[in-house]
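# What the coordinates show
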Amino acid sequence: RSVNLNRWLEQEGYLVRRPNASERGYLLDVDWEKTRAYAFGLSGIYINLKGREAKGIVASAERQTLKREIAGKLVLLRDPGTNEPAIRAVYGNEEVYTGPYRDNGPDLIVGYQQGYRVSWETAKGKVAGEVFSNNTRPWSGDHCIDSTLVPGALLCSHKIAPAGLMPHIMDIAPTVLALFGVPRPAYMDGRVLDLSLGERTHAGS
């Protein structure tokens, strides 16, 4: 089932469209002077923040309160067609991101229950339509459901030692940089994995 986050945000009064909006997509019909939050892409909700967004209206002091309010409502959202909860959890960016670019990403990350995913309309910045609808197109490889419901697997042509060392997805980027001899930024999460001798410490880590 598809969840149109922008339509839900509009129904709840967080997003406002211009009169006679033509639904062009890419948020082109949003009235930014009245919109406090919007969704774009596969799992992110953004606050229309002053100083970050071109036409932001939400003050920094109000940001966390608004995030908690939206997250609290979303986890209670139920599909009227099935009476099932659609959202497993909503995470603040401060819970999942670190580093100097944390505030450039979504303010809220939506983790869907199994059987639910963001709508194609939301992914393209559209608003119109129903909040819930049947998905009639194939979904594959976008992992939109909550991360706690997605089992991880690592396939590697080299032995990873010592035995029992559990690689994390965050280890992939620093390991690739190390293999190419590129110093990793100091703010990058994860560790460098030696694919034959186990974990090793990389300069600057």
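Refer to the structure printed above.
This text gives an overview of the structure that appears in the document.

## Looking at the side chain of Asp31
Its place among the elements puts Asp31 in the loop between α1 (5-11) and β2 (37-40). At 4.1 Å, Lys34 is the nearest oppositely charged side chain to Asp31, a buried residue that forms no salt bridge. Within the structure, Asp31 has its side chain in polar contact with the backbone nitrogen of Glu33 (distance 3.2 Å). Ignoring any residue separated from it by four or fewer positions in sequence, one finds Asp31 in contact with Val16, Arg17 and Arg18.

## Some remarks on the pairing of β2
Across four bridges, β2 lies against strand β3 (residues 44-47) in antiparallel orientation. Directly across from Ala37, in β3, lies its bridge partner Ile47. As consecutive antiparallel partners, β2 and β3 are separated by three residues, and within that stretch Gly41 has a phi angle of approximately 85°, a positive value.

## Thoughts on the pattern of salt bridges
Taken as a whole and judged by the stated rule, the model has 13 salt bridges. The partner of Asp79 in a salt bridge is Arg1, with the nearest N and O atoms 2.8 Å apart. In this pair, Asp79 sits in the loop between α2 (60-74) and β4 (87-92) while Arg1 sits in the segment before β1 (2-3), placing the two residues 78 residues apart along the sequence. Here Glu53 makes a salt bridge to Arg52, at a shortest N to O gap of 2.5 Å. By relative accessible area, which is 27% here, Arg52 ends up partly exposed. Overlapping salt bridges, with partners in common, bring together Arg52, Glu53, Arg63, Asp103 and Asp107 in one network.

Each value, and the rule that gives it
Residues numbered from 1 in each chain as written. Predicted model: local features only at pLDDT ≥ 70, side-chain atom pairs only at ≥ 80, totals over all residues. Heavy atoms only, no water. Helix = DSSP H or I, 4+ residues; strand = E, 2+ residues; numbered from the N terminus. Buried < 20%, exposed > 50% of the residue type's maximum accessible area, 1.4 Å probe, protein only. Lys, Arg positive; Asp, Glu negative; His and termini not counted. Salt bridge = Lys/Arg side-chain N within 4 Å of Asp/Glu carboxyl O. Polar contact = N/O pair within 3.5 Å; in protein donor to acceptor, adjacent residues only side chain to side chain. Contact = heavy atoms within 4.5 Å. Pairing = 2+ DSSP bridges.

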